[in-house]
Amino acid sequence: MSFWSAIWDVLLWALTFTVFIAYLMALFSIISDLFRDHKLNGVAKAVWLIFLIFLPLLTALAYLIFRGKGMSQRAAAQQRAAQDAADSYIRTVAGNPVQDIARAKELLESGAITADEFAQLKSAALAKS
């Protein structure tokens, strides 16, 4: 085996490995998209999966051609839903500085806290926002 033959073998192996990893990523994206799509019924999902098992490359290409645009829309919708849920959770945990100051003002007016404590609570609420 010559030096150049060994180099070409390594390059061919690297290309094959890269194509295989890309195919696996596409396959997992297709499978996750199948289960993410609520408009597709169970029989259609099963048919796609059966074809993915027996004719994987052809089916993957067909899926990407015919349902590729919907894949990106469903992925974007799922991302928006996750972001909205995270934003909602952060808003509930973070609290509202206006409400915190109003509660502190009520405590001050009722005599439960002093003016210095009110100033500390107010500055803490403003620093949090």
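It should be noted that the structure appears before, not after, this text.
Residues numbered from 1 in each chain as written. Predicted model: local features only at pLDDT ≥ 70, side-chain atom pairs only at ≥ 80, totals over all residues. Heavy atoms only, no water.

## Some remarks on the nonpolar core
Among soluble globular proteins, nonpolar side chains are generally buried collectively. To keep it simple, the criterion reads: Definition of nonpolar core: a set of buried residues of the types Ala, Val, Leu, Ile, Met, Phe, Trp, Tyr and Cys, connected through side-chain atoms within 4.5 Å. Exposure classes here rest on a 1.4 Å probe applied to the protein chains alone. A residue is buried below 20% of its type maximum, exposed above 50%, and partly exposed in between. Each helix is a run of DSSP H or I of at least 4 residues and each strand a run of E of at least 2, with the numbering of both proceeding from the N terminus. By the convention used here, residues are in contact when the closest approach between their heavy atoms is within 4.5 Å.
One finds Tyr23, Leu27, Ile30, Leu34, Leu40, Leu52, Ala60, Tyr63 and Met71 forming the largest nonpolar core, which totals nine residues. For this core, the element with the highest residue contribution is helix α1 (residues 3-36), accounting for four residues. Residues within four places of leucine 52 in sequence aside, it is in contact with Leu27, Ile30, Ile31, Leu34, Thr59 and Ala60.

## Looking at the packing of aromatic side chains
Counted only if it meets this: Classification of ring pairs rests on two measures: the distance between centres of Phe, Tyr or Trp rings, Trp counted by its six-membered ring, which must be within 6.5 Å, and the angle between planes, read as stacked under 30 degrees, edge-to-face over 60 and tilted in between.
Applying the stated criterion across every chain yields a total of three aromatic pairs. A centroid spacing of 5.4 Å and a plane angle of 10 degrees characterise the contact between tryptophan 13 and phenylalanine 17, whose relative ring orientation is stacked. Here the residue tryptophan 13 and the residue phenylalanine 17 both occupy positions in helix α1, the gap between them amounting to four residues, near one helical turn. With relative accessibility at 58%, the residue tryptophan 13 sits in the exposed group. Look at phenylalanine 17 and you get partly exposed, because its relative accessible area is 45%.

## Some details on a nonpolar patch on the surface
The line we're drawing: Grouping into patches uses exposed residues only, defined as over 30% relative accessible area, and leaves out salt-bridged ones; the cut-off is 9 Å for like charges and 5 Å for nonpolar side chains (Val, Leu, Ile, Met, Phe, Trp, Tyr). Working definition of accessibility: Shrake-Rupley area with a 1.4 Å probe, residue cover restricted to the visible protein chains. Salt bridges are identified by distance alone: a Lys or Arg side-chain nitrogen within 4 Å of an Asp or Glu carboxyl oxygen.
A cluster of nonpolar side chains, namely Val43, Val47, Ile50, Phe51, Ile53, Phe54, Leu55 and Leu58, defines an oily patch on the protein surface of about 840 Å² accessible area. A per-element tally of the nonpolar patch places helix α2 (residues 42-54) first, with six residues. Within the fold, valine 43 resides in helix α2.

## Points about the pattern of salt bridges
Per the stated rule, a full pass over the model turns up five salt bridges. Between arginine 67 and aspartate 37 there is a salt bridge; the shortest N-O distance is 2.3 Å. Within this pair, whereas arginine 67 is found in helix α3 (residues 56-94), its partner aspartate 37 is found in the loop between α1 and α2, the two being separated by 30 residues in sequence. Residue class for aspartate 37 comes out buried when judged on its relative accessible area of 5%. Arginine 103 is the partner of aspartate 100 in a salt bridge, and the nearest nitrogen-oxygen pair spans 3.3 Å. Remark: arginine 103 and aspartate 100 occur in helix α4 (residues 97-110); sequence separation between them is three residues, near one turn of the helix. Taken together, the shared-partner salt bridges in this structure form one network comprising Asp33, Arg36, Asp37, Arg67 and Arg74.

## Some points on the packing of α2 against α3
The following threshold applies: Comment: axis = line fitted to C-alpha atoms, over the contacting stretch for helices; angle = value between 0 and 180 degrees taken between N-to-C directions. Any angle between 65 and 115 degrees counts as roughly perpendicular, while under 35 counts as roughly parallel, over 145 as roughly antiparallel, and the rest as oblique. Note on residue classes: Ala, Val, Leu, Ile, Met, Phe, Trp, Tyr, Cys and Pro are nonpolar, Asp, Glu, Lys and Arg are charged, and everything else, Gly too, is polar.
At a closest axis distance of 6 Å, the pairing of α2 and α3 adopts a crossing angle of 140 degrees. Here α2 is positioned oblique relative to α3, judged by the angle of their axes. For the pair α2 and α3, the contacting residues are Trp48, Phe51, Leu52, Ile53 and Phe54 in the first and Pro56, Thr59, Ala60, Ala62, Tyr63 and Arg67 in the second. Among the residues making up the contact of α2 with α3, the classes are represented as nine nonpolar, one polar and one charged.

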